[in-house]
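Inside the fold
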Amino acid sequence: MKHLEMFFNRLERMSKHWKKWARRRDISCFRVYDRDIPQVPLSIDLYEDYCQVAEYANSYPLTDAEKQHERSEIEKAIFEILNVSPEKLFWKKREQKKGSSQYEKLGNRQASIVVNEGGLRFKVNLSDYLDTGLFLDHRITRELVRNESAGKRVLNLFAYTGSFSVYAVAGGAILVTSVDLSKTYLDWAKENFRLNQMNSEEHEFVQADVLNWLKTSGSKAARKEKYDLIVVDPPTFSNSKRMDGFFDIQKDYSYLLNLLYKDYSNPGAVLYFSTNFRKFKLDPNSILWDEVEDLTKRTHPDDFRSEKIRSVWRFKNRS
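Each chain carries its own residue numbering, running from 1 in the direction its sequence is written. With the structure being a predicted model, the display of local features is reserved for residues of pLDDT at least 70 and the display and counting of side-chain atom pairs for 80 or more, all residues being used for whole-chain, interface and lining totals. Side-chain metrics rest on all non-hydrogen atoms present in the structure, leaving aside hydrogens and water.

With an unreviewed UniProt entry as reference, the chain is termed SAM-dependent methyltransferase, source organism Leptospira perolatii.

Shown next, in the form of structure tokens:
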């Protein structure tokens, strides 16, 4: 099949390019193929000597036999071209979720390794979740946060495994508060702190529904913290049983950002806001922050082909 031959040639050429690119930047986790050929809708990421393949819906009609043959040929190419052993290849299928459906945990193999990025170390899990614990597309955004963290009090909401928090501490933050609904992810964040010789006890890890925590721990709390730097990277939709209600990024973003402005931001505070919801529309007139700067293009990583993977804004409180 001609498109497979095109894929093999593309993978060989681009993998050499991106491996050299990554070595120069001391990065051990990066993308080598990003749905470059429409008939082969895969993203292929390297994590050290491991490989994760994400398979997307294919608009080209294929029989089951053809699909099986293509996957077999693609796997062979990955083993040979990328020098990946079969036990270190992880293949996952990404499907568009509808309504309130969400991705669930895939398993409990615990195939975890430590990768390097920006002079820092992070644990990734290649087997048990659709995502590995480190969003590669936020590499540049994390560096921007590190560059603005010196002497700052930092709030990281929807903190996931704490990569933004690690970067903030590396940048000299005096306090980082990481808030996430998942104890598993917060424990993972603490592990990332330990991997970088950071004392997690000097910072705060809060297991909570973010919106509920903001409403109850802000102006109504006896101890009211305000922050100089805030990171907000929420899911598109969340309806966990541990939440009060549900979270919808398009409906709730202005309420969330305005609550942070009024109750949690110091004068001169900076907020980084990101979403991977491709249909998201930001209305600057609906939020209280004084400066709105679209950083989507500036923070787009070189090794990602599509510029629609996420949007990033920087806001500032000029008061």
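That was the structure; now back to the text.
1. Focus: the sheet that holds strand 2 (residues 42-47)
For two strands to be treated as a pair, DSSP must find no fewer than two bridges joining them. Secondary structure counts use DSSP, requiring at least four H or I residues in a row for a helix and at least two E residues in a row for a strand, with both numbered from the N terminus. Taken in spatial order, the four strands make up an open sheet running 1-2-3-4, and their pairing is mixed. Strand pairing shows two members of the sheet lacking a second neighbour, strand 1 (29-34) and strand 4 (89-93), which therefore form its edges. Here the average twist between neighbouring strands, direction ignored, is 20 degrees. One ladder, built from five bridges, connects strand 3 (residues 50-55) with strand 4; its direction is parallel. When the bridges of strand 4 are listed, Cys51 appears paired with Leu89. Its contacts with the sheet put helix 1 (residues 2-25) on strand 1 and strand 2, and the angle it makes with strand 1 is roughly 155 degrees. A fitted line through C-alpha atoms serves as each axis, taken over the contacting stretch for helices, and the angle formed by two N-to-C directions is quoted from 0 to 180°. The criterion used for residue contact is that any of the two residues' heavy atoms lie within 4.5 Å.

2. Side note on the sheet that holds strand 15 (residues 311-316)
Pairing is mixed across the open sheet formed by seven strands, whose spatial order is 9-8-7-10-13-15-14. Of all the strands in the sheet, the pair left with one neighbour each is strand 9 (204-207) and strand 14 (291-294). Ignoring which end each strand starts from, the neighbouring axes of this sheet average 15 degrees apart. Relative to strand 15, strand 14 runs antiparallel, the two sharing four bridges. Considered in strand 15, the bridge of Glu293 is made with Arg314.

3. Observations regarding the packing of helix 3 (residues 139-147) against helix 4 (residues 163-170)
The N-to-C vectors of helix 3 and helix 4 enclose an angle of 35 degrees; their axes lie 7 Å apart at closest approach. Between helix 3 and helix 4 lies a crossing of right-handed hand. Contacts between helix 3 and helix 4 involve Thr141, Arg142, Glu143, Val145 and Arg146 on the former and, on the latter, Ser163, Phe164, Tyr167, Ala168 and Ala170. Note on convention: near helix rotated counterclockwise from far helix by under a right angle means a left-handed crossing. Clockwise means right-handed.

4. Quick notes on the environment of Arg278
Here Arg278 shows up in the loop between strand 13 (265-275) and strand 14. In the structure, Arg278 is positioned 64 residues away from Leu214 in sequence and 26 Å away in space, judged by C-alpha atoms. Apart from residues lying up to four places away in sequence, Arg278 is in contact with Arg35, Ser306, Lys308 and Ile309.

5. Some words on the side chain of Glu148
Relative to the helices and strands, Glu148 resides in the loop between helix 3 and strand 7 (153-157). Throughout this description, a polar contact denotes any pair of N or O atoms lying within 3.5 Å of each other; where both atoms belong to protein, one of them has to be capable of donating a hydrogen while the other can accept it, and for residues adjacent in sequence the pair is counted only when both atoms sit in side chains. Within polar-contact distance, the side chain of Glu148 engages the side chain of Arg314 at 2.9 Å. Non-local contacts of Glu148, meaning those with residues more than four positions away in its chain, are made with Leu229, Val270, Tyr272 and Arg314.

6. Some points on the packing of aromatic side chains
Pairing of aromatic rings covers Phe, Tyr and Trp, the last through its six-membered ring, and needs centres within 6.5 Å; plane angles under 30 degrees mean stacked, over 60 mean edge-to-face, and all others mean tilted. Counted under the stated rule, the structure contains 21 aromatic pairs. Consider the rings of Phe7 and Phe8, whose centres lie 5.8 Å apart with planes at 65 degrees: the pair is edge-to-face. Burial classes follow relative accessibility: with a 1.4 Å probe on protein chains only, a residue under 20% of its type's maximum area counts as buried, one over 50% as exposed, and anything between as partly exposed. What makes Phe7 buried here is its relative accessible area of 0%. Ring geometry for Tyr185 versus Trp188: centroids 6.1 Å apart, planes at 45 degrees, classification tilted. Separated by three residues within a single helix, Tyr185 and Trp188 lie in helix 5 (residues 183-195), roughly one turn from each other.

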